[in-house]
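The chain contents come next:
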Amino acid sequence: MKASIKTYVISSLFLVAFAFTGTAQASRRNTTKTTVTKTVVKKTPNRVSSRRVEYKTPKKKVVSVRTVPNKRVVKYQGQNYYYANNRFYTPSRGRYIPIAPKIGFRIHTLPQGYARVRFNNHLYFTVGGTFYSEVGNEYEVVEPEVGTIVYELPNDYEKVVIDGQTYYEYANILYEKVQVDGTRAYEVVGIIDME
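Everything quoted here is computed from the prediction, not taken from an experiment. (Residues numbered from 1 in each chain as written. Predicted model: local features only at pLDDT ≥ 70, side-chain atom pairs only at ≥ 80, totals over all residues. Heavy atoms only, no water.)

Turning to the overall build of the protein chain, a few remarks are in order. If you tally the helices and strands in the protein chain, you get 1 helix and 16 strands. Counting only residues that meet the buried cut, the protein chain has 32% of its 195 residues in that class. A separation of at least 24 residues holds for 52% of the contacts in the protein chain among residues at least 6 apart in sequence. Total accessible area on the protein chain stands at roughly 14,000 Å², and carbon and sulfur atoms take up 51% of it. (Helix = DSSP H or I, 4+ residues; strand = E, 2+ residues; numbered from the N terminus. Buried < 20%, exposed > 50% of the residue type's maximum accessible area, 1.4 Å probe, protein only. Contact = heavy atoms within 4.5 Å. Areas by Shrake-Rupley, 256 points an atom, 1.4 Å probe, with all protein chains shown as cover.)

Below, the structure written as structure tokens:
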């Protein structure tokens, strides 16, 4: 009888110990670590005052030409500009200086090598960093919407710094380098307001 009580007590203790360990393990399994994920939102500019923009190259080299062959006059806000060879020019001291086209310039035919870019159900035609939108039977230079993606920048883009962040600028349009499906691209993140 003593042997069966010992066996009963030992087996009961064993079961209690086993149950306790199982409960302890179960409670360990049920405890979850709380991981706090902090999302850092990088503020990108939308419309930026030109006073906040610091250009990496303080003075841009301006190249002028003596003549613009086969030029077409583009009138804009009472001033004559010239369009030839997919570029816009402004007269200066008897010479012509190539310029980035101003918003509102209109041309009848798109320059060669343009690309179609769709964003938010809007179709842009872009070439050399200039965005056009079809207006009637002409193409008007427009500002692209923030978020528009292009895959190359014009050769004469500039690096700028705004609030410690580096961006790329051409024709007052700010771009940020991004990856799209493993390919380098540039996203429009803002417009520089000239003051």
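Position of Glu138 relative to the elements: it lies in strand β11 (residues 138–141). Here Arg106 takes part through its side chain, which lies 3.4 Å from a polar atom of the side chain of Glu138. Apart from the residues lying within four places of it in its own chain, the contact partners of Glu138 are Arg106, Ile107, His108 and Ser133. (Polar contact = N/O pair within 3.5 Å; in protein donor to acceptor, adjacent residues only side chain to side chain.)

Strands sit in the order β7-β11-β10-β9-β8 across an open sheet of 5 strands; the sheet is antiparallel. The strands lining the two open edges of the sheet, one partner per strand, are β7 (106–107) and β8 (115–119). Here 3 bridges tie strand β9 (residues 122–127) to strand β10 (residues 130–135), and the two strands are oriented antiparallel to one another. Note that in β10 the partner of Phe125 across the bridge is Tyr132. (Pairing = 2+ DSSP bridges.)

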